[in-house]
Amino acid sequence: MEYEIKPRHPLNPGFRELWQNRELLYMFALRDIKVKYKQTYLGIAWALLQPGLMTLLFTLGLGRLINLQYCQGLSYPAFALSGFVLWNLFASGLSNAGNSMVSNAAIIKKIYFPRLVIPISSFLVALVDFSIAFCIMLPVMAFLGASPVNAAWYCLPLSILLCFLAAFGLGTFLSAANIKYRDVRYVLPFIIQALFFASPVIYPLNLNPHAWYSPILLCNPMHAPLELFRAAFGYNINAMYLWPSIACSLFFVAYGLYYFRKTEHFFADLA
Amino acid sequence: MSKPILEIQHVGKKYRIQQTQQPYISLRDSIGQWYKPKSQSQDFWALNDVSFTVNAGDTIGIIGKNGAGKSTLLKILSRITPPTCGKIISRGRMASLLEVGTGFHPELSGRENVYMNGSILGMRRAEIKKHFDAIVDFAGVAQFIDTPLKHYSSGMQLRLAFAVAAFLENEILIIDEVLAVGDSEFQKKCIGKMDDISKSGRTVLFVSHDFSAIRTICNRGILLDKGQVLVNDQLSVALSNYLSKINNNFDFVNGKIQINGKLIKQVELMCDDVPSNEVYMGCNLGLKVYFESDKPMEFPSLSILIKDSFNAPLIGVNNTQYEKNLAINPITSGIFEVSIPNFNLMSGNYIVDIYLGNNFKNLEEIKDCFKLIILRRNFTDNSIEAINENYNKVFFKNMKWKLKNISTE
């Protein structure tokens, strides 16, 4: 085994090294999950309580206010709950990832391992919460009259994958930028909030093709995952509208990864 | 001959020093700088054209003053930061211990932390499992292994952290002054373990200021100064070079040396009542220490600590151990005169610390105040061989040797 220590090419995404360190990925995720629910009374139940309470809030508030009964095949509570559950995966994944490099700066400065392990493992933490929330969500959705549609089951893994890509692309970019510019820490909640309103979480996307904001809403990386996620529960979607979002997401992944790889060598000097 | 396990070729590391040092860059400052001409940043080479090779089984002590580039070198070797130029070829699995307990989390139990820390250090899960009992045993925390780390004493945390590192199976170990912490008993245990590791044929690179630890573990030494390799040789050569380097400002001129102390101003050295720059074995050594003070001193006292060239103390004496108060009236400036007849330290280089105090309170301590050079001199007429400096720190002028024949023929 012979290797050289010299700066690597930023276009090499480093997936092989990442695969060699998959155990570390698991250990980081395990640590964060354990730490997250240490000394909480309700523990992992918070995973569903958060989106559940939000759904209740918005059903009582927004749902009544603008008199939304059904949205393209889903009742409003089912629409909102499914939206919140997947949105939480994205939002906590992105927020964890964006802050991950800075919060692990002490480790980065003292030891080498593929740096990508950190943002990815922080997404895994969000994924564990999501899995639990999802399992509890299923009977609730059934009660609200939205059972998973057999024919569209493949939409589920696809939507989670796209959600991961959306969080990963933005997350790697922001986590790398955060090392250099700590301003990111303060901008991050704002970015998430803005994306929340730009995504069809609490309202269905009834596009007005002439509105100036329509292309932005279509290019939103979270548009496609949310639509696909609901499609698995019988939501009617137009597959045509998903492509800009997916393309945009892939672009963010490519650029985020490139920026991360380009700057990762100097993390230890800057952190 | 097989290829060296580590080749460091012309490695350099440049840092940019900004006029105003900031812990991190903020976006606002960055935008602000677009309007300004390029700031006058200076280049600083922490390492400059460093080349050496390491053979498998070498144990190398890396020494040098603070800021000589030791830690930067270790950081580059452990891939935490890339070199600005040059390259390093490694032919073994490397593990670096720049601190003990990297990744330890107070909320996790001892068991979980062992797995976490082990993974970060590059151990496979199966490897950790295999050594788990031995690790816990070495750390001596078996009883508390499922207790959260935050309830451990700091000593227990440290022991657990070192224990994980001690069971690394990598061919190359890079160790920064991790042993500077912990009680002396545990330090001894660590040094012992590291000695085992180095004897087991693995390659060790060790940075430390603790020369006795380095001498236990290492067989080669690399002396860094201002980012460059000054000496790459046997450990003893590197060490003695280092010591003469740090001490070269402390030589006597015409038996005098000026001290820039708050109180202590000058020291004079006498050998058999003659001012001189070095002394002979067994001479009557005389020292004069000039001091000045703003406030009158009621009970001035002077301590002298003579250390060997590895900084280990040999003689520490104080006038209060020999005499009553030497000042009859409070004194603002004066000369302390000390004489030691038949000064029986072996020839060699020594380092002397001087402490000045008043009323049993230390007012000033001047560490590494001057270098004391003791020259060899025969002290009996009959000797046919010189005393070996490696085995003797002191000598006895009046030692008697006899041989009685008790054979029957």
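So, here's what we can say about the structure. Predicted, not measured: the structure shown is a model, and the values here were computed from it.

This brings us to the overall build of chain B. Assigned secondary structure in chain B consists of eight helices and 19 strands. Its C-alpha atoms give chain B a radius of gyration of 27 Å, clearly above 22 Å, the size a compact globule of 409 residues would have. Considered along the principal axes of its C-alpha atoms, chain B spans approximately 90 × 70 × 50 Å. Taken across its 409 residues, chain B has 47% of its residues classed as buried. Counting contacts in chain B only where the partners sit at least 6 residues apart, residues at least 24 apart contribute 69% of the total.

All names here are of chain A. The tally for this structure, following the rule as stated, stands at 16 salt bridges over all chains. Close ionic contact of R31 with D32 constitutes a salt bridge, the shortest N to O distance being 3.2 Å. Among the ionic pairs, E264 bridges to R261, the shortest N-O distance being 2.7 Å. The pair E264 / R261 is uniform in exposure class, with both members buried.

Now for the interface of chain A and chain B. Many authors give the size of an interface as the accessible area that is lost as the parts come together. The interface of chain A with chain B comprises 35 residues on the first partner and 44 residues on the second. Between the two partners, chain A and chain B, sit two salt bridges. Here K34 of chain A ties to E112 of chain B by a salt bridge, and the two come within 2.7 Å at their closest N and O atoms. Between chain A and chain B we count five residue pairs in polar contact (both at pLDDT 80 or more) in total. Among the secondary structure elements, those contributing two or more residues to the side of chain A that touches chain B are β1 (3–5), α1 (15–20), α2 (22–37), α5 (105–108) and α12 (267–270) of chain A. It is α2 of chain A that provides the largest number of residues to the side of chain A that touches chain B, a total of eight residues. Classifying every residue of the side of chain A that touches chain B by side-chain character gives 18 nonpolar, three polar and 14 charged.

Residues and elements named next belong to chain B. Counting buried residues along strand β11 (residues 264–271), seven of its eight residues qualify, which places the element largely inside the surrounding structure. As paired strands, strand β10 (residues 256–258) and β11 are joined by three bridges and run antiparallel to one another. Among the inter-strand pairings, K256 is bridged to a residue of β11, identified as E268. The loop that links β10 with its antiparallel partner β11 comprises five residues. Relative to strand β14 (residues 285–297), β11 is paired through seven bridges, and the arrangement is antiparallel. Across the sheet, residue E268 finds its bridge partner in β14, namely K288. Strand direction decides the pairing type here: β11 and strand β12 (residues 274–275), joined by two bridges, are antiparallel.

Residue and element names in this part refer to chain B. If you trace the five strands from one edge of the open sheet to the other, you get β13-β19-β18-β15-β16, paired in mixed fashion. Only two strands of the sheet have a single partner each, and these edge strands are β13 (279–280) and β16 (313–318). Two strands pair when backbone bridges link them, and strand β15 (residues 300–307) and β16 are joined in this way by five bridges, in the antiparallel orientation. In the strand pairing of β16, L305 is matched with G316.

Given 3.6 residues to a turn, an α-helix orients residues that are three or four positions apart in the same direction. Counting buried residues along helix α3 (residues 110–120) of chain B, 10 of its 11 residues qualify, which places the element largely inside the surrounding structure. Among the residues making up α3 of chain B, those that are buried are G110, E112, N113, V114, Y115, M116, N117, G118, S119 and I120 of chain B. Looking at the buried positions of α3 of chain B, the neighbouring elements they touch are α2 and α5 of chain A together with α4 (125–139) and α5 (154–166) of chain B. Phi turns positive, to about 100 degrees, at G122 of chain B, one or two residues after α3 of chain B.

Residues and elements named next belong to chain B. Of note in the backbone geometry, R79 takes a positive phi value of approximately 65 degrees without being a glycine. With respect to the helices and strands, R79 occurs in the loop between α2 (70–77) and β4 (85–90). The phi angle at N359 is positive, at roughly 50 degrees, despite the residue not being glycine. Structurally, N359 is set in the loop between β18 (348–358) and β19 (361–375).

On to the packing of aromatic side chains. Residue and element names in this part refer to chain A. Evaluated as defined, the whole model comprises 26 aromatic pairs over all chains. Between F123 and F164, the ring centres sit 4.8 Å apart and the planes meet at 65 degrees, which makes this aromatic pair edge-to-face. Here F164 lies in helix α7 (residues 155–180) and F123 lies in helix α6 (residues 117–143), a separation of 41 residues in the sequence. With centroids separated by 6.0 Å and ring planes inclined at 55 degrees, the aromatic side chains of F134 and F229 adopt a geometry described as tilted. With a gap of 95 residues between them, F134 in helix α6 and F229 in helix α10 (residues 223–231) connect regions that are remote in the sequence.

To continue, consider the environment of L89 of chain A. Residue and element names in this part refer to chain A. As for its position among the elements, L89 is in helix α4 (residues 76–103). Take L89: its relative accessible area is 1%, and that puts it in the buried class. Separated by 74 residues in the primary sequence, L89 and F15 have C-alpha atoms spaced 23 Å apart. Excluding anything up to four places from it in sequence, L89 contacts F123, A126, L127, F130, I160 and C163.

Counting 131 residues, the largest nonpolar core has F28, W87, F90, M137 and F233 of chain A together with F206 of chain B as its most contacted members. No other element matches the 14 residues that α4 of chain A contributes to this core. If we skip the residues at most four places from it in the chain, F28 of chain A touches N104, I107, F113, V117, I118 and S121 of chain A together with M116 and I120 of chain B.

Okay, the packing of α7 of chain A against α10 of chain A next. Residue and element names in this part refer to chain A. One can describe the packing of α7 onto α10 by two numbers: an axis separation of 8 Å at closest approach and a directional angle of 160 degrees. In terms of orientation, α7 lies roughly antiparallel with respect to α10. In this structure, α7 crosses over α10, and the sense of that crossing is left-handed. Counted together, C155, L156, L158, S159, L162 and C163 of α7 and A224, P225, L228, F229 and A231 of α10 form the full contact between these two elements. By residue class, the composition of the contact of α7 with α10 is 10 nonpolar, one polar and no charged.

Conventions used here
- Residues numbered from 1 in each chain as written.
- Chains lettered and ligands numbered in written order.
- Predicted model: local features only at pLDDT ≥ 70, side-chain atom pairs only at ≥ 80, totals over all residues.
- Heavy atoms only, no water.
- Helix = DSSP H or I, 4+ residues; strand = E, 2+ residues; numbered from the N terminus.
- Rg over C-alpha atoms; globule rule 2.2 N^0.38 Å.
- Buried < 20%, exposed > 50% of the residue type's maximum accessible area, 1.4 Å probe, protein only.
- Contact = heavy atoms within 4.5 Å.
- Salt bridge = Lys/Arg side-chain N within 4 Å of Asp/Glu carboxyl O.
- Polar contact = N/O pair within 3.5 Å; in protein donor to acceptor, adjacent residues only side chain to side chain.
- Nonpolar A, V, L, I, M, F, W, Y, C, P; charged D, E, K, R; others polar.
- Pairing = 2+ DSSP bridges.
- Phe/Tyr/Trp six-rings, centres within 6.5 Å; stacked < 30°, edge-to-face > 60°.
- Core = buried A, V, L, I, M, F, W, Y, C linked by side-chain atoms within 4.5 Å.
- Axes fitted to C-alpha atoms, helices over the stretch in contact; angles between N-to-C directions.
- Parallel < 35°, antiparallel > 145°, perpendicular 65-115°, else oblique.
- Left-handed = near helix turned anticlockwise from the far one by under 90°.

Keep in mind that these numbers describe shape and distance, not what the molecule does.
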